[in-house]
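# Observations on chain architecture
In case you want the letters, here they are:
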Amino acid sequence: MSRYDQLENMYKKRKGGGWNPISCRRPPVNPQGNYSNILPRVEKASQVSVCGRSECQHDSLRSNIHVIVRIRPKNFNEKGPLHRTIVRAVGEHVVIFDPKEDSSENFYYHGIKQKSRNDYTKKPHKNLKFAYDRVYGPHNTNVEIFESSMKKLVAHILDGFNCSIFAYGATGAGKTYTMLGSIEHPGLTFFMAMELYSRIKGMANEYESEIVVSYLEVYNETLRDLLHPSGILTIREDGFNGVNIPNLTMHKPKDASELLGMLSYGNSVRTQHPTDHNAESSRSHAVFQVFVSLRKRFTHKSLKYKMAKAKLVMVDLAGSERGLGPGCDSQRFREGANINKSLLALSNCINALADGKKHIPYRDSKLTRILKDTLGGNCKTVMIANLSPSLKLG
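Per an unreviewed UniProt entry, the recorded name for the protein chain is Kinesin-like protein, and the organism is Allacma fusca. Quoted straight from UniProt, the Sequence similarities (unreviewed entry) entry for the protein chain says "Belongs to the TRAFAC class myosin-kinesin ATPase superfamily. Kinesin family." Its UniProt record gives the protein chain a comment under Subcellular location (unreviewed entry), which states: "Cytoplasm, Cytoskeleton".

The number of helices and strands found in the protein chain is 9 helices and 19 strands. When contacts within the protein chain are restricted to residue pairs at least 6 apart in sequence, those whose partners lie at least 24 apart make up 69%. Surface accessibility of the protein chain: about 22,600 Å² in total, with carbon and sulfur atoms responsible for 53%.

Angle between the axes and distance between the axes: these two values describe a pair of packed helices. Helix 6 (residues 188-202) packs onto helix 3 (residues 142-150) with a crossing angle of 50 degrees between their chain directions and a minimal axis gap of 10 Å. Between helix 3 and helix 6, the interaxial angle falls into the category oblique. Helix 6 is crossed by helix 3, and the crossing has right-handed handedness. Contact residues: N142, V143, I145, F146 and M150 in helix 3; L188, F191, M192 and E195 in helix 6.

In this section: the packing of helix 6 against helix 7 (residues 256-268). Put simply, helix 6 and helix 7 touch, their axes get as near as 11 Å, and they point 145 degrees apart. When you trace helix 6 past helix 7, the crossing you get is right-handed. Judged by residue contacts, T189, F190, A193 and M194 of helix 6 engage A256, L259, L260 and L263 from helix 7. Its residues placed into classes, the contact of helix 6 with helix 7 shows 7 nonpolar, 1 polar and no charged.

The subject of this paragraph is the nonpolar core. Inside soluble globular proteins, nonpolar side chains tend to come together where they are buried. Counting residues in hydrophobic clusters, the biggest one holds 43 residues, and the most contacted among them are M150, I165, M192, L196 and L312. By residue number, the principal contributor to this core is helix 6, which donates 7 residues. The next biggest cluster of nonpolar side chains, apart from the first, holds 25 residues, and it includes F166, I235, V313 and L346.

For the rest of this paragraph, the subject is the environment of Y215. Structurally, Y215 can be placed in strand 10 (residues 207-219). Each residue touching Y215, except ones within four places of it in the same chain, is listed here: L180, D225, L226, L227, L248, M262, L263, G266, N267, A286, V287 and F288.

Low pLDDT marks regions whose predicted coordinates should not be analysed in detail. For the protein chain, the mean per-residue pLDDT works out to 77, and 72% of the residues sit at or above 70. By mean pLDDT, helix 2 (residues 39-45) is the weakest element of the protein chain at 32, and strand 8 (residues 134-136) is the strongest at 95. A low-confidence stretch, residues 14-59 stays under pLDDT 50, and its non-local contacts, those more than four residues away or across chains, total 57 contacts.

Attention shifts here to the side chain of Q289. Secondary-structure assignment places Q289 in strand 16 (residues 285-296). You can call Q289 buried: its relative accessible area is 3%. A polar atom in the side chain of Q289 sits 3.2 Å from the side chain of K311. With residues near it in sequence (within four places) discarded, Q289 still touches V212, V213, S214, L216, L248, K311, L312, V313 and I370.

Looking now at the pairing of strand 18 (residues 380-387). Burial of strand 18 is extensive: 7 of the 8 residues sit out of reach of the surface. Across 7 bridges, the pairing between strand 1 (residues 65-71) and strand 18 is parallel. Considered in strand 18, the bridge of V67 is made with M383. Here strand 9 (residues 163-169) runs beside strand 18; their pairing, made up of 7 bridges, is parallel. Looking across to strand 18, one finds that A167 is bridged to I384.

About the cut-offs
Residues numbered from 1 in each chain as written. Predicted model: local features only at pLDDT ≥ 70, side-chain atom pairs only at ≥ 80, totals over all residues. Heavy atoms only, no water. UniProt positions renumbered as here; feature names shortened; annotations may be inferred. Helix = DSSP H or I, 4+ residues; strand = E, 2+ residues; numbered from the N terminus. Contact = heavy atoms within 4.5 Å. Areas by Shrake-Rupley, 256 points an atom, 1.4 Å probe, with all protein chains shown as cover. Axes fitted to C-alpha atoms, helices over the stretch in contact; angles between N-to-C directions. Parallel < 35°, antiparallel > 145°, perpendicular 65-115°, else oblique. Left-handed = near helix turned anticlockwise from the far one by under 90°. Nonpolar A, V, L, I, M, F, W, Y, C, P; charged D, E, K, R; others polar. Core = buried A, V, L, I, M, F, W, Y, C linked by side-chain atoms within 4.5 Å. Buried < 20%, exposed > 50% of the residue type's maximum accessible area, 1.4 Å probe, protein only. pLDDT = per-residue confidence, 0-100. Polar contact = N/O pair within 3.5 Å; in protein donor to acceptor, adjacent residues only side chain to side chain. Pairing = 2+ DSSP bridges.

This is the structure in structure tokens:
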């Protein structure tokens, strides 16, 4: 008899009823693979959230990690004959890497179209297909990405779950535009914050709320406040408050224009340096944090207050390129080494969480220490992989 069967029998003897999904850490596993008799009870027990809502039970973010891919449009130089398309989106879930050449590039010999490949000395295209949770092509805008993949995260945040969103990709792949955008075309950070304000405003009669934001960067394993530049910041951690950064300024933007101004100012003082692939390459990780506190209103003094706290972290990861080649001095080489180190640490943490390991190496980097309480467990994570559509020939 398994441990869960023993617990079920014990519960029946004490309560005289069936198995309660809240009494154990997880439901008993059916060896036949049939979960039809288990899922209804688990779903019924999970419908009670911190704020008394069940919106999160009906969206597509049922897994903790959601991976989406965004292919940016071609720039002016990539539209020329010296560049070839290497990434192509097929539908909403499939990406083709190194696709086959178009039929317009067929090979003719003595005026006769040849069915075989035109050049046997040329390396064949791999035409690799990969599936992701969602794929966005060059024609999709930030608003469309927010509406279809990000807006549902707001319900999780209001239910008290920590969430994180970070954009990953090579230099010049469009990470900063996706996360921060511009004044004319705001990014996902702006839309997420404004959706939170809109939702909480509609709950004003039922809940007391407070929203504060902060904006910092991780550059060469050091922290710096982007909204109030001063000195180097440090990370502290305790069992009650979790991860906190002393002397990091907190702000309460009143409207959309003030929030856009904060993001624009923070991005202007962010560490940047031109590279071969991007004239305004970000050489630091930008971390935008939103702290949400909700407390249910009660009229009777004898009733206890029900508090819900959540944290949203949105990260624009720095893009890295090879440290070799012309124009790479010691400072750029050091930046690239630290960027690769922090990205590797983030990858190791995600892999350790996926493998179910007990020890997660959060302390290997300042970036992973900041993201510690928004990764793993019941936290929701959305990873946006930004891709460049073409490659220069020769």
